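Here is how the chains run, residue by residue.
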Amino acid sequence: MSNAEIVSKGQKYVMNTYGRLPMALVKGEGSKVWDADGHEYLDFVGGLAVNSLGHCHPKVVAAIQEQAGKLLHCSNLYWIEPQVELARLLVENSFGDKVFFCNSGAEANEGALKLARKYAKKNYGPEKYEIITLKHSFHGRTLATLTATGQEKYQAGYEPLPAGFKYVPINDLPALEESMGPATCAVLLEPVQGEGGVHVSDFGYLQKVKELCQKHGALLIYDEVQCGLGRTGKLFAYEHSGVEPDIMTLAKALAGGVAIGALVAREEVARAFNPGDHASTFGGNPLAAAAGVAAFSAILEEKLVENSARMGELLASGLQEFCARYPFTLEVRGLGLIRGLQLKADGRLIVDKCREKGVLINCVGSDVLRFLPPLNIGPQDVEKVLQVLEEVLAETEAV
Ligand SMILES: *Cc1c(COP(=O)(O)O)cnc(C)c1O
């Protein structure tokens with residue numbers, strides 16, 4: 001089928017929840033993808049931070065093929081070898097002691113919120129349930145996680161929302177201090193906000209957030225669904241500040257393109273869950289977990305964290321040069337290979353023009369260009385994107 005045929009069939013049968021582009025992707029390899037009409041693109045959207053190993057990484061594909069022929073699914077009534085191995089990898093490479101697996105970022109955050117509330121109830125009593133999150137955050141689309149998301153556009157129309165959530169601006173300590181008290185159960189934040197426009201939490205701020213959490217007996221939860229797993233140039237984004245959370249959530253890149261989510265917690269916190277308290281039918285299933293083991297091992301063995309840091313610097317310095325030359329390019333934000341270019345122009349037009357020239361990038365809001373390429377790109381990929389962007393910016397006008 002052609003792009004046009006797939007689009008019209010989709011419009012007939014699929015719910016209209018995504019503002020989709022009029023094209024269908026049918027094949028991917030490394031940093032490249034092809035649409036149904038045979039056009040080739042350099043992919044700096046990267047499945048919105050899922051395709052950190054590029055498309056169809058051979059080790060992930062082989063692990064999926066092998067596991068699919070051995071055991072596709074069994075219940076969490078039984079132990080699953082790839083699941084326990086992925087848990088070991090996560091624990092031995094992070095602050096955490098125990099892992100729970102689910103299937104998505106929203107589910108991971110939902111689980112983190114449930115764990116935090118159980119922990120608070122057990123240790124402090126029933127009145128400690130408030131969750132504080134940041135404005136412009138993004139934590140998912142379930143009712144609790146869209147309530148945790150500090151952006152009204154995601155909440156509108158779904159009221160009444162679950163109770164017990166408060167929002168404060170990023171990097172604003174007085175506001176946080178003001179909002180915390182004996183009822184505070186947890187502070188949930190992304191060390192680097194993705195959907196909210198690529199905003200980085202100051203490292204000093206995170207240190208103070210942790211101290212406030214300790215003072216009030218509240219847990220610190222990091223949502224590293226987008227910024228974790230090498231994306232920022234460290235294996236986990238919290239390593240930049242050195243401020244460890246009590247709970248961390250992961251998903252997106254964790255299984256190299258297969259659906260999975262995880263929450264990682266300190267032992268004492270993890271103990272708040274007892275058998276029957278939380279579960280997921282597909283969570284940590286053999287197929288996803290085997291893909292996860294392959295993907296996580298590839299990130300470590302192929303030194304992709306280091307490459308993410310290096311390529312991130314190259315990309316950021318190229319974007320920085322635009323800021324010096326084009327008055328409507330205002331600021332470069334981010335770490336490693338999660339980068340945002342703040343515009344005073346309509347970013348969506350720039351995204352369209354880049355696509356026509358064979359480069360996929362993404363725009364968050366209407367005025368932040370976001371770059372989430374695979375972590376194993378080379379300098380030639382970065383240079384290609386910068387060159388295409390240069391051509392497009394030269395034709396662009398400020399709004
Ligand atoms: C994508 C994302 C989520 C939601 O993940 P889903 O898998 O879409 O449920 C949560 N938090 C952050 C930071 C994300 O980027």
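This text goes with the structure placed above it.
A short tour of the structure in this document, coming up.

## Here's the deal with helix H11 (residues 286-301)
If you check H11, its first and last C-alpha atoms are 22 Å apart, about what 16 residues at 1.5 Å a residue would give, namely 22 Å. When you tally the buried positions in H11, you get 13 out of 16 residues, the bulk of the element. The distance from a side-chain oxygen at the start of H11 to the backbone nitrogen of Leu287 is 3.1 Å, and the residue carrying that oxygen is Asn285. Downstream of H11 by one or two residues, Lys303 has phi in the positive range, about 55°.

## Some points on the site of the ligand
In the region of the ligand, the neighbouring residues are Ser104, Gly105, Ala106, Asn109, Phe138, His139, Gly140, Glu190, Asp223, Val225, Gln226 and Lys252. With respect to the ligand, the backbone of Gly105 contributes an N or O atom lying 2.8 Å from an oxygen atom. Contact distances for the ligand include 2.7 Å between a nitrogen atom and a side-chain N or O atom of Asp223. In the complex, the protein chains occlude 82% of the 380 Å² of accessible area that the ligand would expose alone. At 3 residues, helix H5 (residues 105-124) tops the list of elements feeding residues into the shell around the ligand. Its residues assigned to classes, the shell around the ligand shows 3 nonpolar, 6 polar and 3 charged.

## Points about the sheet that holds strand S12 (residues 261-265)
Ordered in space as S4-S12-S11-S10-S7-S5-S6, the 7 strands form an open sheet in which the pairing is mixed. Looking at strand neighbours, the two that pair on one side only are strand S4 (98-102) and strand S6 (165-168), the edges of this open sheet. Between one strand axis and the next, the sheet turns by 20° as a mean value, whatever way the strands run. As defined by bridge partners, strand S7 (residues 184-189) adjoins strand S10 (residues 219-223) across 4 bridges and the pair is classed as parallel. Its bridge partner lying in S10, Val187 is registered against Leu220. Contacts between helix H4 (residues 81-92) and the sheet are confined to S4, strand S11 (247-250) and S12, with S4 contributing the most and set at about 130° to the helix. Contacts between H5 and the sheet are confined to S4, strand S5 (130-134), S6, S7, S10, S11 and S12, with S11 contributing the most and set at about 165° to the helix.

## Some details on a positive patch on the surface
A contiguous patch of positive charge on the surface is contributed by Lys114, Lys118, Lys121 and Lys122. Assignment of secondary structure puts Lys122 in helix H5.

## So, the side chain of Thr396
Looking at where Thr396 falls in the secondary structure, it is placed in the segment after helix H14 (379-394). Engagement of the side chain of Thr396 in a polar contact is seen with the backbone oxygen of Val392, the distance being 2.7 Å. In contact with Thr396, other than residues within four places in its own chain, are Phe328, Ala345 and Ile350.

## Topic: the sheet that holds strand S3 (residues 40-43)
Strands sit in the order S1-S2-S3-S15 across an open sheet of 4 strands; the sheet is mixed. For this open sheet the edge positions go to strand S1 (25-29) and strand S15 (359-360), each flanked by a neighbour on one side alone. Sheet topology note: the strand S2 (residues 32-35)/S3 ladder contains 3 bridges and is antiparallel. Bridged to Val33 within S3 is Tyr41.

## Topic: the environment of Gly157
Summarising the element assignment, Gly157 is placed in the loop between helix H7 (152-155) and S6. Accessibility expressed as a relative area gives 64% for Gly157, which makes it exposed.

## Remarks on the pattern of salt bridges
Side chains that differ in charge, positive against negative, can pair when their charged atoms come close. Applying the stated criterion across every chain yields a total of 18 salt bridges. A cluster of three or more residues bridged by salt bridges with shared partners is formed by Lys59, Glu301 and Glu302.

## So, the packing of aromatic side chains
Enumeration according to the criterion identifies 6 aromatic pairs in this entry. For the ring pair Phe95 and Tyr238, a centre distance of 5.6 Å and an interplane angle of 85° mean the geometry is edge-to-face. Residue Phe95 is found in the loop between H4 and S4, and its partner Tyr238 is found in the loop between S10 and S11; the two are separated by 143 residues along the sequence. Residue Tyr238 is classed as buried on the basis of its relative accessible area of 5%. Seen in terms of ring centroids, Tyr326 and Phe328 are 5.8 Å apart; in terms of plane orientation they differ by 45°. Their pairing is tilted. The two residues Tyr326 and Phe328 agree in class, both being buried.

## Observations concerning the packing of helix H3 (residues 58-68) against H11
Two elements in contact, H3 and H11, have axes whose closest approach is 8 Å; the angle formed by their N-to-C orientations is 155°. Taken together, the axes of H3 and H11 lie roughly antiparallel to each other. H11 is crossed by H3, and the crossing has right-handed handedness. Where H3 abuts H11, its residues Lys59, Val60, Ala63, Ile64, Gln67 and Ala68 lie against Pro286, Leu287, Ala290, Ala291, Ala294, Ala295, Ala298 and Glu301. When grouped by side-chain class, the residues that make up the contact of H3 with H11 number 11 nonpolar, 1 polar and 2 charged.

## Points about the pairing of strand S13 (residues 329-335)
For S13, a buried count of 5 out of 7 residues is recorded, marking the element as mostly surrounded by other parts of the structure. With 6 bridges joining them, S13 and strand S14 (residues 338-343) adopt antiparallel strand pairing. In the strand pairing of S14, Arg333 is matched with Gly340. Once S13 ends, the chain turns through 2 residues before running back antiparallel as S14, passing Gly336 with a positive phi of about 55°.

Cut-offs applied
Residues numbered from 1 in each chain as written. Predicted model: local features only at pLDDT ≥ 70, side-chain atom pairs only at ≥ 80, totals over all residues. Heavy atoms only, no water. Helix = DSSP H or I, 4+ residues; strand = E, 2+ residues; numbered from the N terminus. Expected span 1.5 Å × (residues − 1). Buried < 20%, exposed > 50% of the residue type's maximum accessible area, 1.4 Å probe, protein only. Polar contact = N/O pair within 3.5 Å; in protein donor to acceptor, adjacent residues only side chain to side chain. Near = heavy atom within 4 Å. Areas by Shrake-Rupley, 256 points an atom, 1.4 Å probe, with all protein chains shown as cover. Nonpolar A, V, L, I, M, F, W, Y, C, P; charged D, E, K, R; others polar. Pairing = 2+ DSSP bridges. Axes fitted to C-alpha atoms, helices over the stretch in contact; angles between N-to-C directions. Contact = heavy atoms within 4.5 Å. Patch = residues over 30% accessible without salt bridge, like charges linked within 9 Å, V, L, I, M, F, W, Y side chains within 5 Å. Salt bridge = Lys/Arg side-chain N within 4 Å of Asp/Glu carboxyl O. Lys, Arg positive; Asp, Glu negative; His and termini not counted. Charge placed at Lys NZ, Arg CZ, Asp CG, Glu CD. Phe/Tyr/Trp six-rings, centres within 6.5 Å; stacked < 30°, edge-to-face > 60°. Parallel < 35°, antiparallel > 145°, perpendicular 65-115°, else oblique. Left-handed = near helix turned anticlockwise from the far one by under 90°.

So, to be careful, I would describe these as geometric facts and stop short of saying anything about function.
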